[in-house]
Amino acid sequence: MHRTRPDEPWSRGAARGVGFVVLLFGAVAAAGVALSFGFAWLMG
Amino acid sequence: MILRPGADDIRLIAFYVGKVLLGLGLVMLVPAMIALVAQEWNSATSFLVGASLCVIIGAISDARLRTRRPLTWAHGMVIVALAWLVGAVFAGIPMYLSGRFSDPLAALFEAMSGLTTTGMSVIHDLDHTPMSEDLYRHLLQFAGGQGIVIVVLSLFAAGGARIASLYVSEARDERILPNFIRTARFIFAVAGTFLVLGTSALFLALLGAGFEPGRAFYHAINLFFASFDTGGFSVMQSSMIYYHSLSVELIVMLLMIAGTLSFGLHFALWHGDPRTLLRSLESRTLAVTSTIFFAAVAFGLLRAGTYDSGEALFRKGFFTLVSAVSSTGHQVNVGETYLTDWGVLAPAAIVGAMAIGGMASSTAGGIKAIRIGIAFKTLVHDIKRILLPESALVVTTYHAGGKRRTLRDDTARAATTILLLFLVTHLIGAMVGLLYGEFDITQTLFESVSVGSNIGVSIGVVSPDMPNGLMAVYVAMMWLGRLEYVAVFALMGYLLSLARGKAKG
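Residues numbered from 1 in each chain as written. Chains lettered and ligands numbered in written order. Predicted model: local features only at pLDDT ≥ 70, side-chain atom pairs only at ≥ 80, totals over all residues. Heavy atoms only, no water.

**Student:** Which residues make up the overall build of chain B, and what values go with them?
**Tutor:** Check the secondary structure of chain B and you find 20 helices and 4 strands. Over its C-alpha trace chain B gives a radius of gyration of 22 Å, about what one expects of a compact globule, namely 23 Å for 505 residues. Summarising its shape, the C-alpha atoms of chain B cover approximately 70 × 65 × 50 Å along the three principal directions. For chain B, the proportion of its 505 residues judged to be buried stands at 58%. Here the analysis covers contacts within chain B between residues at least 6 apart in sequence; of these, 75% occur between residues at least 24 apart. (Helix = DSSP H or I, 4+ residues; strand = E, 2+ residues; numbered from the N terminus. Rg over C-alpha atoms; globule rule 2.2 N^0.38 Å. Buried < 20%, exposed > 50% of the residue type's maximum accessible area, 1.4 Å probe, protein only. Contact = heavy atoms within 4.5 Å.)

**Student:** I'd love a proper account of helix 12 (residues 281-304) of chain B, names of residues and values included.
**Tutor:** All names here are of chain B. In this model helix 12 runs 34 Å from its N-terminal to its C-terminal C-alpha over 24 residues, within 8% of the 34 Å that 1.5 Å per residue would give. A distance of 3.1 Å separates the backbone nitrogen of Glu 282 from a side-chain oxygen at the start of helix 12, and that oxygen is part of Ser 280. Directly after helix 12, the chain includes Gly 305, whose backbone phi takes a positive value near 75°. (Expected span 1.5 Å × (residues − 1). Polar contact = N/O pair within 3.5 Å; in protein donor to acceptor, adjacent residues only side chain to side chain.)

**Student:** Can you break down the pairing of strand 3 (residues 403-406) of chain B residue by residue, with the values?
**Tutor:** Residues and elements named next belong to chain B. Relative to strand 3, strand 2 (residues 397-400) is paired through 4 bridges, and the arrangement is antiparallel. Directly across from Tyr 398, in strand 3, lies its bridge partner Arg 405. The hairpin turn running from strand 2 into strand 3, its antiparallel successor, is 2 residues long, and Gly 401 in that turn takes a positive phi close to 60°. (Pairing = 2+ DSSP bridges.)

**Student:** Got a sec to walk through helix 3 (residues 73-97) of chain B? Specific residues and values, please.
**Tutor:** The end-to-end C-alpha distance of helix 3 of chain B is 36 Å, a good match for the 36 Å that 25 residues give at a rise of 1.5 Å each. With its phi angle positive at about 80°, Gly99(B) sits one or two positions after the end of helix 3 of chain B.

**Student:** Describe unusual backbone geometry, listing the residues and the values that go with them.
**Tutor:** Residues and elements named next belong to chain B. Its identity is not glycine, yet Thr 230 carries a phi of approximately 45°, on the positive side. By the secondary structure assignment, Thr 230 is in the loop between helix 8 (213-228) and helix 9 (246-260). The backbone phi angle of Ser 327 is positive, close to 65°, even though this residue is not glycine. Residue placement: Ser 327 occurs in the loop between helix 13 (310-325) and helix 14 (337-340).

**Student:** Could you give an account of empty space enclosed by the protein, with specific residues and numbers?
**Tutor:** All names here are of chain B. Summed over the entire model, instances satisfying the criterion amount to 4 cavities of 30 Å³ or more. Counted as a void, the second largest cavity has a volume near 60 Å³. At the level of secondary structure, the elements contributing two or more residues to the lining of the second largest cavity comprise helix 3 and helix 5 (131-159). At 3 residues, the largest contribution of residues to the lining of the second largest cavity is made by helix 5. Among the residues making up the lining of the second largest cavity, the classes are represented as 6 nonpolar, 1 polar and 2 charged. (1 Å grid on protein atoms, 1.4 Å probe; cavity = no way out; pocket = protein on both sides within 12 Å on 5 of 7 lines; lining within 4 Å. Points joined across faces, edges and corners; volume = space filled by probe spheres on them. Nonpolar A, V, L, I, M, F, W, Y, C, P; charged D, E, K, R; others polar.)

**Student:** Mind laying out the side chain of Arg100(B), listing which residues take part and the relevant values?
**Tutor:** All names here are of chain B. Here Arg 100 lies in the loop between helix 3 and helix 4 (104-115). A polar contact of 3.2 Å, which involves the side chain of Arg 100, links it to the backbone oxygen of His 128. Among residues more than four places away in sequence, those in contact with Arg 100 are Met 95, Ile 123, His 124, Asp 125, His 128, Thr 129, Pro 130 and Glu 133.

Any link to function would need more than the numbers given here.
If you want it as structure tokens, here you go:
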């Protein structure tokens, strides 16, 4: 299995990678919710 | 002057295409085993026939055509173009034998749709498809999706600037690791990690939605393949509507976003470097265009009176936009809704989002955000050159592949050429659809962009009963779009040189 950093197990890189993707998803979803409710309020 | 390929070249290409068929045969053995265990005898027979054909041809080519001659980038391009075409033909064999498709063309359409991660389906009675056949359709998306990423990244390694500039416009350093094996391992490590976590999360969400454990696992694994590989096939005719679950929709959205990130960015994130994501021209372009398109979708839907609450806008409008941008094609609406209930502006914005698609070096399709970003940078660059004194030196830079790069003329030309090819293909597809007189321009343009960009969101043109000519055109569009034209043009050039080239010295 490839290691993203030679001095650490690959699972740590995997955890970091997945963690960042979850954070990114959180940001995208939060933006989506804010825009959805914002537009609905503006046009309502 | 073009040189005619020799017998050695043909042998080399046939050898590697045979290898691809061997791999496809092994993929077919997975659903064959499932069919045997589940006692789906008809499906098991279809898969065993298909797998036997692939394995026999692969074994013969391995035994008879083995060569130590090294691959050139031209060979690589021809092999890739042929692999996706011949692969789709052979992948369609078990589908046709299953009896769930009207004719061989429909089976080819479904196989091409799977391998190119488009996700449009022309299968009859999807809701009652045997488990093994569902898994096979979704496995094809996984094989084709991961396959295209490995192929593109490997070609960068082998072909240098000539191919790289055509594929993602300046991507010589896009190879995330120094060699093919390590690249492939990293790609499968990312996919494997998300497979375990994504399937587990979906399993729990489906249990929460009231599914039995066995059924929850079956839907979870298929949903994972369709979402992470930005494919969009579904186990049920009604796609995501079937689940009526916000948690399933959120997990699927996360997987679609993960699938549309380039593997270069995944590598940076695994390496603990999130700044690459923030600085990259591609992610910035995608953020800006997606925000603009969602504003148009929301405005259009609210103005048309389709939805009036923020929740409905998020679950229907925002989900559809993510599905379109990521080129997945999961639907939370019945296809005809886009025509009857969504007004004009919202579907137009979805068409725009589908045309752009996701990131290069991912499983996403479409023009790709990097090309749109480079086209925009080129426009700004040219305007600066007009406004500044003639003696002024104008240098434009952008961030890609973890580095700051200088915008070059050949990079700009390659990006705009591919962009133009996509747009012309979308228009041709739309016009062919109009020839049949059954659909209007909104329907044919929507569907053409969706097919040509390997998205899969359907407005209802694609169905088991669609005209054969249109189906054949869509098959070609899926093939061209997935390979981003370059490999297909290389194959055409190769065929031309076979007929008209000059014999080598």
